[in-house]
Structure formats: C-alpha cells, structure tokens
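Each chain, letter by letter, is given below.
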Amino acid sequence: GGSLYASVVGVKKETKQPDGKILLEVLRDHQPSILPQTGDIVTARVLKVNARFAKVEILFSGERMLRDSFPGTVRPRDVRAFEVDSVQIYSSFRPGDIIRAEVISLGDSKSYYLSTAKNDLGVVIARSASGHNMVPISWDF
C-alpha cells in the first residue's frame, strides 16, 4: 500500500471493479470557475472611471455567466480604433454602464485589459445623470 495524493479537492469515492480492483475517484461538489481568455468577448459593469482608465467587473464570458466576477481595466487607447490620442475616458463610460468588450490581455495580477475598439463592442446599457435609460443615436455624439 502506497499513498494517493490528489490535486483536486473533493470527496473520495471507492468503487470495487468486477476484476477485484478498487477504483479511486475524487468527486468535486461544484464545477470549476470559467476564466476569461484572451480574445473572449465579455460583458462587464463599469465600477469606477478616472482620467487614466475605467475599472470594470467582468460578469459574463461569451454567453456564460461567471460564477465569480473578475476585475478588468479599459484604458483610453483601447476605447476606440481611431483618434486614440483624443479619447477622454469620462466621455466614454460612466459608473453603472454595462459594456461589451474583448479581452486583449491578462494584464497584471490585478486586472484583465479590455478593449471596446470594434463596431460591435462598447456601452450596451447606460443611464443618464438624471437616471433615465439612454438610447443610442450615433457614434458621432
């Protein structure tokens, strides 16, 4: 008899096989969390906006709701594909906005870097300063 070490935390299950051998399994009580990957389209809520970036919490990766939210950052140069030097992050996002973005890198240890610089990405749900739902009119405004 040797020892058995598992890299997965769970409950040990022993099953006697027809040939007399014992099958050992480790059963998890929950599914592993899905992690956003580079290139994924994610849905996130804007938490905080300052002159250098917008901080968000990633809620969905593709169509799947994440068990845990993950922190993300949108930098001014990643807001749009043109005139990136003139982007004012305050004009692009407000706290509470719901955005669609692409994961462009895993960033530092604290946050994913996200981009909204494609036509099908950006703010999808927003409220005005007075609390009314906003409706998109044109990307010019």
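Residues numbered from 1 in each chain as written. Predicted model: local features only at pLDDT ≥ 70, side-chain atom pairs only at ≥ 80, totals over all residues. Heavy atoms only, no water.

Here the focus is the pairing of strand β4 (residues 54-61). The pairing of strand β3 (residues 41-49) with β4 spans seven bridges and is classified as antiparallel. The residue bridging Val46 from the neighbouring strand is Val56, located in β4. What sits between the antiparallel neighbours β3 and β4 is a turn of four residues. Strand direction decides the pairing type here: β4 and strand β5 (residues 64-74), joined by seven bridges, are antiparallel. In the strand pairing of β5, Ile58 is matched with Phe70. (Pairing = 2+ DSSP bridges. Helix = DSSP H or I, 4+ residues; strand = E, 2+ residues; numbered from the N terminus.)

Under the definition given, this model contains one aromatic pair. Ring centres of Phe70 and Tyr112 lie 6.2 Å apart, and the angle between their planes is 85 degrees; this geometry places the pair in the edge-to-face category. A residue pair is termed long-range when its members are at least 10 positions apart, and Phe70 in strand β5 and Tyr112 in strand β7 (residues 112-115) qualify at 42 residues. Taking the ring centre of Phe53 as reference, the NZ or CZ of Lys55 above it sits at 5.4 Å. Positioned over the ring face of Tyr113 is Arg75, at 4.0 Å from the centre of the ring. (Phe/Tyr/Trp six-rings, centres within 6.5 Å; stacked < 30°, edge-to-face > 60°. Lys NZ or Arg CZ within 6 Å of the ring centre and 35° of its normal.)

Take the confidence of the model for the protein next. When the pLDDT values of the protein are averaged, the result is 85; 87% of them are 70 or greater. Taken element by element, the protein is modelled with least confidence in strand β2 (residues 22-27), mean pLDDT 81, and with most confidence in β3, mean pLDDT 96. (pLDDT = per-residue confidence, 0-100.)

Attention now goes to the environment of Val56. Structurally, the position occupied by Val56 is in strand β4. Exposure remark for Val56: the relative accessible area of 2% places this residue in the buried category. When the C-alpha positions of Val56 and Ser111 are compared, they lie 9.1 Å apart, and in sequence the two are 55 residues distant. Not counting the four nearest positions on each side in its chain, Val56 is found in contact with Ala44, Arg45, Val46, Leu47, Phe70, Pro71, Gly72, Thr73, Ile99 and Leu114. (Buried < 20%, exposed > 50% of the residue type's maximum accessible area, 1.4 Å probe, protein only. Contact = heavy atoms within 4.5 Å.)

Attention now goes to the nonpolar core. Note that soluble globular proteins tend to have their nonpolar side chains buried in a common cluster. One finds Ile58, Val74, Phe93, Ile99 and Leu114 to be the most contacted residues of the largest nonpolar core, which totals 19 residues. Those elements that place two or more of their residues in this core are β3, β4, β5, β6 (98-105) and β7. With four residues, β3 is the single largest residue contributor to this core. Among all residues touching Val74, those that are not within four sequence positions of it are Phe53, Ala54, Val79, Ile89, Phe93, Ile99 and Leu114. (Core = buried A, V, L, I, M, F, W, Y, C linked by side-chain atoms within 4.5 Å.)

Okay, the pattern of salt bridges next. Throughout the structure, instances matching the rule amount to six salt bridges. Arg75 serves as the salt-bridge partner of Asp78, at 2.8 Å between the closest nitrogen and oxygen. Both residues of the pair, Asp78 and Arg75, count as buried. With a closest N to O distance of 2.9 Å, Glu102 and Lys118 form a salt bridge. With a gap of 16 residues between them, Glu102 in strand β6 and Lys118 in the loop between β7 and β8 (122-125) connect regions that are remote in the sequence. (Salt bridge = Lys/Arg side-chain N within 4 Å of Asp/Glu carboxyl O.)

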